[in-house]
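Commentary on secondary and tertiary structure
This is what each chain is made of:
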Amino acid sequence: MVYRRSIILVCLVLTGCGQQPSSSDGVTYFHPLQTEESLVEPVEDPGAPVDTEEMRGYRQIMEGFRANAGALFQRSDIEKRLDQIEQVFISTGHYLELVGIYQRVVEQQGIESTAATRLAWSLVRLGQRQQAKTLIDRLKDARPQDPDVHFIDGAFWLNRAQDSREAAAKTAMAWQKTLELDSDYKGFQGATASDIQNQIDRLKQNLSAPPAEIIQKAQPPAPAPAGEPPAEPEQVANQQDTEGKPTPETEDRERPTDSDAEETAPKTPQEPPTTDEPSPVKVRLMRASLAASKGDLETAKRRYESVLEDESNNLQARFGLLKVRQKQGDAVGTLRDELRSLLDHPELDAPTAYNIGLFARARLDSDELATSFFDVVRNKDPEFAEQNGLK
């Protein structure tokens, strides 16, 4: 399905389901529950310039929403309009401003507002884990029968599911609750009940025990009541082996950073700190993309170059740097030649080739180069090519 100059770039991770999300300047394609990539994706560049009349319409939508957001969120039909409004803010590079509007509405109208779930989803997307967890916990207390709340909760834990059995179990439990509350659920990013059930099944297959049991074992022991002596060492010995190493249950326990977050209202999100990410290269790539999306091209360029100093053939960094240089006015002919060199890149997959092809056509005005990358898409993944209109 094609969404012009729009749509969010989140993918929900787990091995063995679906295609990668694909996006480029001007067009974004989305497949609801994705694989292999992190849940958190930066909001990419808004895309090819729009014509004057279209931009005027976008500006009217944004100005109207800025001025009337509070009143609009009190209307019963606001949910139907929010996707379009989000698309406009994203396509014009104002997504963080939109998140700030959600925040203000929640502060004014409280946790029951539709803006609260939109804010929570945005915080998950942007990688603001402490703020997201605080808000999700408040939503679960205030709206326990809202399937959207449990879907967002599952998405929050899914970002850690590949490294933590407890997180995977929490994802499965949260999404199972979503389906219990609405067996025909259709939620954020077009995720359907069938998609979610497939992911639950895969999660359970990869777990060695029922999710509820894994979560229970991962909980720290309750403190002893006042006046009672602490537990004897043998009572907790089953949590460690004779050398003091953690057992599998404690190995998978998440660090108690998010669950112990102070109950304060979320703040407008900032760039995620590098210390919160698993890989320095991935951190720099994400931060480079965020800088580019905010128009800070020099910072983006510096971060992409930093990645290439460590990994000279990193595909994402090479393509990202080319996009930055195009915005800075580098010669089109030089950029075309460098882009063409990516055709033989060993890590070039179908979604990335598709993105590059779109960029070549929209930004470098080269149908010939775009066709070359689209041929790669057709050869590497005919199904993906057909889904995205390349026959």
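Residues numbered from 1 in each chain as written. Predicted model: local features only at pLDDT ≥ 70, side-chain atom pairs only at ≥ 80, totals over all residues. Heavy atoms only, no water.

A separate point is helix α14 (residues 315-327). Side chains that are three or four residues apart share a direction in an α-helix, a result of its 3.6 residues per turn. Its 13 residues place the ends of α14 19 Å apart at the C-alpha level, agreeing with the 18 Å of an ideal helix rising 1.5 Å per residue. Burial in α14 covers these residues: L315, A317, F319, G320, L321, L322, K323, V324, R325 and Q326. For α14, the N-terminal cap is N314; the gap from its side-chain oxygen to the backbone nitrogen of Q316 is 3.1 Å. Trailing α14 by a residue or two, G329 shows a phi angle of about 95°, which is positive. (Helix = DSSP H or I, 4+ residues; strand = E, 2+ residues; numbered from the N terminus. Expected span 1.5 Å × (residues − 1). Buried < 20%, exposed > 50% of the residue type's maximum accessible area, 1.4 Å probe, protein only. Polar contact = N/O pair within 3.5 Å; in protein donor to acceptor, adjacent residues only side chain to side chain.)

Geometry of a packed helix pair, given as the angle between the helix axes and the separation of the axes. Running from amino to carboxyl end, helix α6 (residues 147-158) crosses helix α7 (residues 165-181) at an angle of 165°, the nearest separation of the two axes being 8 Å. Between α6 and α7, the angle is such that the two are roughly antiparallel. As α6 runs across α7, the sense of the crossing is left-handed. On the side of α6, the interface is formed by P147, H150, F151, D153, G154, A155, W157 and L158, while α7 contributes A167, K170, T171, A174, W175, K177, T178 and L181. Its residues assigned to classes, the contact of α6 with α7 shows nine nonpolar, four polar and three charged. (Axes fitted to C-alpha atoms, helices over the stretch in contact; angles between N-to-C directions. Parallel < 35°, antiparallel > 145°, perpendicular 65-115°, else oblique. Left-handed = near helix turned anticlockwise from the far one by under 90°. Contact = heavy atoms within 4.5 Å. Nonpolar A, V, L, I, M, F, W, Y, C, P; charged D, E, K, R; others polar.)

In summary, soluble globular proteins display a tendency toward joint burial of nonpolar side chains. Judged by nonpolar contacts, the single largest core of 57 residues is most densely connected at F65, F73 and F151. Ignoring any residue separated from it by four or fewer positions in sequence, one finds F73 in contact with F65, I78, L82, Y102, V105, Q109, S113, T114 and A115. In this structure, F319, L335, F359 and A385 belong to the second largest nonpolar core, which totals 24 residues. (Core = buried A, V, L, I, M, F, W, Y, C linked by side-chain atoms within 4.5 Å.)

Further remarks concern the confidence of the model for the protein. The predicted model of the protein has a mean per-residue pLDDT of 74, with 70% of residues at 70 or higher. Per-element mean pLDDT across the protein ranges from 34 in strand β1 (residues 2-4) up to 94 in helix α15 (residues 332-340). Confidence drops under a pLDDT of 50 for residues 1-50, and excluding neighbours within four residues, the segment shows 175 contacts in the predicted structure. Per-residue pLDDT stays below 50 along residues 230-279; that stretch engages in 75 contacts with residues further than four places along the chain or on separate chains. (pLDDT = per-residue confidence, 0-100.)

As a further point, take the environment of L126. The topology assignment puts L126 in the loop between α4 (114-125) and α5 (129-142). Along the backbone, L126 and L96 are 30 residues apart, and their C-alpha atoms lie at a distance of 9.4 Å.

Take the environment of S306 next. Inspection of the secondary structure puts S306 in helix α13 (residues 297-310). Note on S306: relative accessible area 22%, which makes it partly exposed. Sequence spacing of S306 and L285 is 21 residues, and the spatial spacing of their C-alpha atoms is 9.3 Å.

Applying the stated criterion to the full structure yields 17 salt bridges. The salt bridge partner of D77 is R75, with a shortest N-O separation of 3.0 Å. Residue classification places D77 among the partly exposed residues on the basis of a relative accessible area of 26%. Judged by relative accessible area, R75 falls into the partly exposed class, the value being 40%. E213 is paired through a salt bridge with K217; the nearest N and O atoms lie 3.3 Å apart. Here the residue E213 and the residue K217 both occupy positions in helix α9 (residues 211-218), the gap between them amounting to four residues, near one helical turn. Judged by relative accessible area, which is 34%, E213 ranks as partly exposed. (Salt bridge = Lys/Arg side-chain N within 4 Å of Asp/Glu carboxyl O.)

The subject of this paragraph is the packing of aromatic side chains. Counted by the stated rule, this structure contains 12 aromatic pairs. Relative to Y102, the ring of F73 lies with its centre 6.0 Å away and its plane at 80°, an arrangement referred to as edge-to-face. On the criterion of sequence distance, the pair formed by F73 in the loop between α1 (52-72) and α2 (78-91) and Y102 in helix α3 (residues 95-109) is long-range, its members being 29 residues apart. Given a relative accessible area of 5%, F73 falls into the buried group. On the basis of relative accessibility, which here comes to 0%, the residue Y102 falls in the buried class. Relative to F374, the ring of Y354 has its centre 5.5 Å away and its plane inclined at 35°; by these criteria the two rings are tilted. Of this pair, Y354 sits in helix α16 (residues 350-362) while F374 sits in helix α17 (residues 367-380), and the two are 20 residues apart along the sequence. The buried category is assigned to Y354, whose relative accessible area is 3%. These aromatic residues form a ring-pair network of at least three members: W121, F151, W175, Y185 and F188. Sitting over the ring of F156, R129 keeps its end group 4.0 Å from the ring centre. It is K170 that lies over the ring of W157; its NZ or CZ is 4.1 Å from the centre. (Phe/Tyr/Trp six-rings, centres within 6.5 Å; stacked < 30°, edge-to-face > 60°. Lys NZ or Arg CZ within 6 Å of the ring centre and 35° of its normal.)

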